[in-house]
Structures are given as structure tokens and as C-alpha cells.
Amino acid sequence: MRTRLSILLLLVATVLPAHAAEEHTFDIALLEGTHAVSGRNPDGSAYEGEVTVRVKDGLVFMQCKVGETERSGTGVVAGMTLGVALQGGVAIYGAVPQA
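So, here is what we can say about the structure in this document. (Residues numbered from 1 in each chain as written. Predicted model: local features only at pLDDT ≥ 70, side-chain atom pairs only at ≥ 80, totals over all residues. Heavy atoms only, no water.)

## Observations concerning the pairing of strand β4 (residues 69-78)
Note that strand β3 (residues 59-66) and β4 share seven bridges and pair antiparallel. By the bridge assignment, V60 is partnered in β4 with G75. As defined by bridge partners, β4 adjoins strand β5 (residues 81-86) across six bridges and the pair is classed as antiparallel. Residue pairing across strands places T74 opposite A85, the latter belonging to β5. (Pairing = 2+ DSSP bridges. Helix = DSSP H or I, 4+ residues; strand = E, 2+ residues; numbered from the N terminus.)

## Quick notes on the nonpolar core
Membership of the largest hydrophobic core comes to 16 residues, with the highest contact counts inside it found for L31, V60, M62, L82 and Y93. Secondary-structure elements contributing two or more residues to this core are β2 (46-56), β3, β5 and β6 (89-94). (Core = buried A, V, L, I, M, F, W, Y, C linked by side-chain atoms within 4.5 Å. Buried < 20%, exposed > 50% of the residue type's maximum accessible area, 1.4 Å probe, protein only.)

## Regarding the sheet that holds β2
If you walk across this open sheet you meet the six strands as β1-β2-β3-β4-β5-β6, and the pairing is antiparallel. One side of each edge strand has no neighbouring strand; the edge strands of this open sheet are β1 (33-40) and β6. Between one strand axis and the next, the sheet turns through 30° on average, direction left out of account. Pairing between β1 and β2: eight bridges, direction antiparallel. Paired with A36 across the two strands is E50, which belongs to β2. (Axes fitted to C-alpha atoms, helices over the stretch in contact; angles between N-to-C directions.)

Structure below.
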């Protein structure tokens, strides 16, 4: 269970226009592509990997790989928040605009 939870806490590093924070929304097509991910698990151990994101008909499709573990999921964006139903659970990501 701890391993499954750790994978769900991946943070998607996405470059968004600075004006997105003012509007409280963004173009989800900006999420498309393959992105490096890294962070810390709840137990403090570090992880890194990659996530590939596709967008179609307002849905976000993610394929995450950390080490040898792969998870896929489908999500939606509401304002500046991305909610994704991944294999084994749900993940919520906040979009952070980058200058």
C-alpha cells in the first residue's frame, strides 16, 4: 500500500504562462508532452521518473513511470487543479504558473 501511495503523489512539472494564475485557469493542451518528475514520498525517500501526458476531448491521459513501476490514469482539469484517477487510487495536482 505504501508503494502504491508513493506513486500517486507524483508532481507534474508543467510550464504555464504567468497570466494563468490571474485567470485561475489554463489551456490544458499545455500539459501535453513528456515531463521529468521528482519529489519525496511520504516516508521521506526521494523518487524521480517521467510522466507522459496526452489531452483529448477535455480529458487528460497520463502514463507515469518511476523506476520500474508504471501507472496510467485519466483526469480532468477544474480551474488550476488536475484530478486524475490512476490505477490503484486518485491523485490531485495543483498547477503552478512559471514566469
